[in-house]
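# Coordinates in review
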Amino acid sequence: MIDVQNQKDSRGIKIQQTGVTAVHLPFSFLIGKEFQQVLAKIRFTVSLSEKIRGTHMSRLVEILTDFSATPLKFSDIEKILLDATEKLETDFAAIKMAFKFFVKRAAPISEKISLLDIDCEISADSNKNFTLNLAVPFTSLCPCSKEISNFGAHNQRSICRVKIDFNDIENLDVEKIVNLIENQGSSKIFPLLKREDEKFVTEAAYQNAKFVEDILRDVVISLRQLENISAFEVECENFESIHNHNAFAFHSEIRS
């Protein structure tokens, strides 16, 4: 059959990225100490020579399908990219994988186990650019409300979104980074709490009151402790319980 994609093109434009988006496939990733099955939404692209009309997109899906059958570490994403550059005879490949993974949570008093879902996105390309995006929830409690009130203080669920650029992802421990971030809030989020746990969490948050700016600064300090990162962005958002708007703070850094 005629290979239409491989026909010559005379317009002289090299396409930087072309490929497939919204591919949904199950993958098994090493998260913490265990392999976890996730459903990933994927964008997978390669560059295309100015001399060739189109890329063979079916080959990209074939590569993803083959790798989805094997348990992977995050560093194995480099193998996916290498496979793409070789099989599609190109000098560049990029992938973005978005999924939820689950972190085990033991309630503080009853020690009941539950699973906390975390939004995660891994981006990588064959130029060894690696980026991790996380959205980590926690509780925040307002220091001002606590100071001026005779009874209680307003608190709310908050979220910290981080974007971290890595020099490589050989030893990337996503669960460790999640724990590092959520420890900066007033209290962790627990999907399952018994009465004694709820009492503990409520009182713990009250003793650890933080503005959104406090949380942001503490997250920045914690991220500075990570090795092998070249840059990061942090934004914290409190879904206010006494306002019809949210509180927000942002910071970014490039490591020297």
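Reference entry: report on the structure contained in this document. (Residues numbered from 1 in each chain as written. Predicted model: local features only at pLDDT ≥ 70, side-chain atom pairs only at ≥ 80, totals over all residues. Heavy atoms only, no water.)

## Quick notes on the packing of aromatic side chains
The relative placement of two aromatic rings is captured by the distance of their centres and the angle of their planes. Scanning all chains against the criterion turns up 4 aromatic pairs. Between F27 and F29, the ring centres sit 5.9 Å apart and the planes meet at 10 degrees, which makes this aromatic pair stacked. Considered together, F27 and F29 belong to a single accessibility category, that of buried residues. Both rings, one in F74 and one in F99, keep their centres 6.5 Å apart while their planes meet at 15 degrees; by these two values the pair is stacked. Of this pair, F74 sits in the loop between α1 (57–68) and α2 (77–87) while F99 sits in strand β3 (residues 93–106), and the two are 25 residues apart along the sequence. One exposure class covers both F74 and F99, and it is buried. (Phe/Tyr/Trp six-rings, centres within 6.5 Å; stacked < 30°, edge-to-face > 60°. Buried < 20%, exposed > 50% of the residue type's maximum accessible area, 1.4 Å probe, protein only. Helix = DSSP H or I, 4+ residues; strand = E, 2+ residues; numbered from the N terminus.)

## A few points about the sheet that holds β3
An order of β1-β2-β3-β4-β5-β6-β7-β8 is seen for the 8 strands of this open sheet, with the pairing classed as antiparallel. At either end of the open sheet lies a strand with only one pairing partner, and these are β1 (15–31) and β8 (247–254). Within this sheet the neighbouring strands show an average axis-to-axis angle of 15 degrees, counted without direction. Of the strand pairs in this sheet, strand β5 (residues 130–141) and strand β6 (residues 155–166) are connected by 12 bridges, and their pairing is antiparallel. Within β6, the position partnered with T139 by the bridge is R157. (Pairing = 2+ DSSP bridges. Axes fitted to C-alpha atoms, helices over the stretch in contact; angles between N-to-C directions.)

## Quick look at the pairing of strand β7 (residues 229–238)
Along any regular strand, the residues point their side chains to alternate faces of the sheet. Within β7, 7 of the 10 residues are buried, leaving the element largely enclosed by the surrounding structure. Bridge count for β6 against β7 is 9 bridges, and the pairing is antiparallel. Each bridged residue has a counterpart across the sheet, and for R161 the counterpart in β7 is E235. By the bridge criterion, 8 bridges tie β7 to β8 in an arrangement that is antiparallel. Bridging from a neighbouring strand, F232 pairs with E253 of β8.

## Concerning the environment of E198
Mapped onto the elements of the fold, E198 is located in helix α5 (residues 195–206). When the C-alpha atoms of E198 and I109 are compared, they prove to be 9.0 Å apart, with 89 residues separating the residues in sequence.

## Re the nonpolar core
Judged by nonpolar contacts, the single largest core of 61 residues is most densely connected at F27, F44, F101 and L134. For L134, the residues in contact, after removing those within four places along its chain, are F101, I118, D119, C120, C160, R161, V162, V174, I177 and V178. (Core = buried A, V, L, I, M, F, W, Y, C linked by side-chain atoms within 4.5 Å. Contact = heavy atoms within 4.5 Å.)

## Description of helix α4 (residues 174–182)
If you check which residues of α4 are buried, you get V174, I177, V178, I181 and E182. The buried residues of α4 all sit within an arc of 125 degrees when viewed along its axis, so they share a single face. Those residues of α4 that are buried are in contact with β3, β4 (113–125), β5, β6 and α6 (212–223). The N-cap residue of α4 is D173: its side-chain oxygen and the backbone nitrogen of E175 are 3.4 Å apart. (Arc of directions from axis to C-beta. Polar contact = N/O pair within 3.5 Å; in protein donor to acceptor, adjacent residues only side chain to side chain.)

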